[in-house]
Amino acid sequence: MAERISEAEHAVMEVLWDDSPLTAQDVAERVDPTRGWSAATVKTLLGRLLAKEAVAHDVDGRRYLYRPAVAREDYVAGESRRLIDRLFGGKLTPLVAHLAERDAISDQDIAEIEALLKALKQ
């Protein structure tokens, strides 16, 4: 997926990653109701996601069934890499240091990171 998706498009993707294929109406009903989106808004977002090749659709009679064209794990990996590249020169250590300096890492986080690093060394 070459083109990045917006926060609103991401909300639609989360619905489709949770369950698919879905119609536009199904997606509209599952998006967080506090957004107040109509089915037309969701259709617009789905159209944008189709153009970005983030979703695909199949024809089922008179309706379209939408499904993700990119796995959530692949999307998260790409976004994570972009963040690290853009803000931390492609290095993970400055990100962790930044979070630690801002007290954004809990003792539980530290324990999980230590366990992960230990497992990676083996």
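Residues numbered from 1 in each chain as written. Predicted model: local features only at pLDDT ≥ 70, side-chain atom pairs only at ≥ 80, totals over all residues. Heavy atoms only, no water.

An unreviewed UniProt entry annotates the chain as CopY family transcriptional repressor of Sphingomonas ginsenosidimutans. Regarding the chain, the relevant UniProt record gives this comment under Sequence similarities (unreviewed entry): "Belongs to the BlaI transcriptional regulatory family." (UniProt positions renumbered as here; feature names shortened; annotations may be inferred.)

So, about the packing of helix H1 (residues 7-18) against helix H3 (residues 39-51). Running from amino to carboxyl end, H1 crosses H3 at an angle of 90°, the nearest separation of the two axes being 10 Å. Taken as axis vectors, H1 and H3 run roughly perpendicular relative to one another. Here Ala8, Glu9, Val12, Met13 and Leu16 of H1 lie close against H3, whose contacting residues are Leu45, Leu46, Arg48 and Leu49. For the contact of H1 with H3, the class distribution of residues is 7 nonpolar, no polar and 2 charged. (Axes fitted to C-alpha atoms, helices over the stretch in contact; angles between N-to-C directions. Helix = DSSP H or I, 4+ residues; strand = E, 2+ residues; numbered from the N terminus. Parallel < 35°, antiparallel > 145°, perpendicular 65-115°, else oblique. Contact = heavy atoms within 4.5 Å. Nonpolar A, V, L, I, M, F, W, Y, C, P; charged D, E, K, R; others polar.)

To continue, consider unusual backbone geometry. Cis rather than trans, the peptide bond between Ser20 and Pro21 has omega equal to 5°. With respect to the element layout, Pro21 can be found in the loop between H1 and helix H2 (24-30). Positive phi is not limited to glycine here, since Glu53 has a value of about 60°. In this fold, Glu53 is placed in the loop between H3 and strand E1 (55-60). Exposure remark for Glu53: the relative accessible area of 63% places this residue in the exposed category. Phi is positive for Asp103, close to 55°, though the residue is something other than glycine. Structurally, Asp103 is set in the loop between helix H5 (92-101) and helix H6 (107-121). A residue is classified by how much of its surface remains accessible, and Asp103, at 70% relative accessible area, is exposed. (Buried < 20%, exposed > 50% of the residue type's maximum accessible area, 1.4 Å probe, protein only.)

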